[in-house]
Amino acid sequence: DAGVTQSPTHLIKTRGQQVTLRCSPKSGHDTVSWYQQALGQGPQFIFQYYEEEERQRGNFPDRFSGHQFPNYSSELNVNALLLGDSALYLCASSLSPLANNEQFFGPGTRLTVL
Amino acid sequence: RKEVEQDPGPFNVPEGATVAFNCTYSNSASQSFFWYRQDCRKEPKLLMSVYSSGNEDGRFTAQLNRASQYISLLIRDSKLSDSATYLCVVRGSSASKIIFGSGTRLSIRP
């Protein structure tokens, strides 16, 4: 049973570019959340997708957008990259959006913006 | 004030010691609480959920104090393998965003 997978593992971009990160949830999970983790900080919640819709959103600008596909996989898109967007981007899946459900994290995508 | 606050540490304790961390939260309507563990350059993994009555899992005990709005994690008989960053997670209802603390670093020395 595959856990949460993310691609790519690492990515280097320059300021102003756009990036797409991908996530496949754990088998049987239908809810996907995205987080940004800067060095030395805890993960910051970006947004959560359920039934192909954005359900919750953290304090991130509109440059951050996402999508969920019918097979529950998800993408995170970031436009007009800034140096400050350099971070580890984590995807987490859960059985449902219920608050007490455990989230399983993928290994993350490390994004470097030069 | 941050919504979820943790002492960043590092806590440096000898093997076999007992160590405790607290995590305070500002939203009194918070409903769900968790402790996650994150090893260096790895993803967070659930250590335990925190229930109102407190719960124990082997050497780990988690407690919730709603009146003072904090959760705690106690690790007994610490092992070298317990060295990691411990993240507390707080959430309101299912309609609320999920908030991580910035983590407490624990280092167990031989």
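Placed above this text is the structure.
Scoring rules and cut-offs
- Residues numbered from 1 in each chain as written.
- Chains lettered and ligands numbered in written order.
- Predicted model: local features only at pLDDT ≥ 70, side-chain atom pairs only at ≥ 80, totals over all residues.
- Heavy atoms only, no water.
- Helix = DSSP H or I, 4+ residues; strand = E, 2+ residues; numbered from the N terminus.
- Rg over C-alpha atoms; globule rule 2.2 N^0.38 Å.
- Buried < 20%, exposed > 50% of the residue type's maximum accessible area, 1.4 Å probe, protein only.
- Areas by Shrake-Rupley, 256 points an atom, 1.4 Å probe, with all protein chains shown as cover.
- Lys, Arg positive; Asp, Glu negative; His and termini not counted.
- Charge placed at Lys NZ, Arg CZ, Asp CG, Glu CD.
- Pairing = 2+ DSSP bridges.
- Axes fitted to C-alpha atoms, helices over the stretch in contact; angles between N-to-C directions.
- Contact = heavy atoms within 4.5 Å.
- Buried area = accessible area lost by both parts, 1.4 Å probe.
- Salt bridge = Lys/Arg side-chain N within 4 Å of Asp/Glu carboxyl O.
- Polar contact = N/O pair within 3.5 Å; in protein donor to acceptor, adjacent residues only side chain to side chain.

*Asks:* Which residues make up the overall build of chain A, and what values do they have?
*Replies:* Looking only at helices and strands, chain A features zero helices and eleven strands. In chain A, the succession of helices and strands from N to C terminus is β-β-β-β-β-β-β-β-β-β-β. For a compact globule of 114 residues, the expected C-alpha radius of gyration is about 13 Å, and chain A comes in at 13 Å, within 12% of that figure. Each principal axis of the C-alpha distribution contributes one length, and for chain A these read about 35 × 25 × 25 Å. Within the span of chain A, comprising 114 residues, buried residues form 50% of the whole. Put simply, chain A shows about 5300 Å² of open surface, and 50% of that area lies on carbon and sulfur atoms. Computed over 8 positive and 10 negative side-chain charges, the separation of the two mean positions in chain A equals 12 Å.

*Asks:* Residue-level account of the sheet that holds strand S7 (residues 64-68) of chain A, with values.
*Replies:* Residue and element names in this part refer to chain A. Spatial ordering of the open sheet is given by S1-S3-S8-S7, a layout of four strands whose pairing is antiparallel. This sheet does not close on itself; its edge strands, each paired only once, are strand S1 (5-7) and S7. Strand-to-strand twist across the sheet, computed as the mean angle between neighbouring axes with direction ignored, equals 20°. The sheet contact formed by S7 and strand S8 (residues 74-78) spans five bridges and is antiparallel. By the bridge assignment, His-67 is partnered in S8 with Glu-75.

*Asks:* Which residues make up the interface of chain A and chain B, and what values do they have?
*Replies:* Between chain A and chain B, the contact holds 25 residues from the first and 20 residues from the second. Between chain A and chain B, the buried area comes to about 1800 Å², and carbon and sulfur atoms account for 50% of it. Ranking the residues of chain A by area buried against chain B places A:Gln56, A:Ala99 and A:Phe105 at the top, with a combined share of 29%. There are zero salt bridges connecting chain A and chain B. Put simply, chain A and chain B have three residue pairs in polar contact (both at pLDDT 80 or more) between them. Where the side of chain A that touches chain B is concerned, the elements lending two or more residues are strand S4 (31-37), strand S5 (44-50) and strand S6 (53-57) of chain A.

*Asks:* So what about the side chain of A:Ser74? Which residues, and what values?
*Replies:* All names here are of chain A. Counting through the fold element by element, Ser-74 comes out in strand S8. Classification of Ser-74 as buried rests on a relative accessible area of 2%. Separated by 2.9 Å, the side chain of Ser-74 and the backbone oxygen of His-67 make a polar contact. Those residues in contact with Ser-74, other than ones at most four positions away along the chain, are Leu-21, Arg-22, Cys-23, Val-32, Trp-34, Tyr-49, His-67, Gln-68 and Phe-69.

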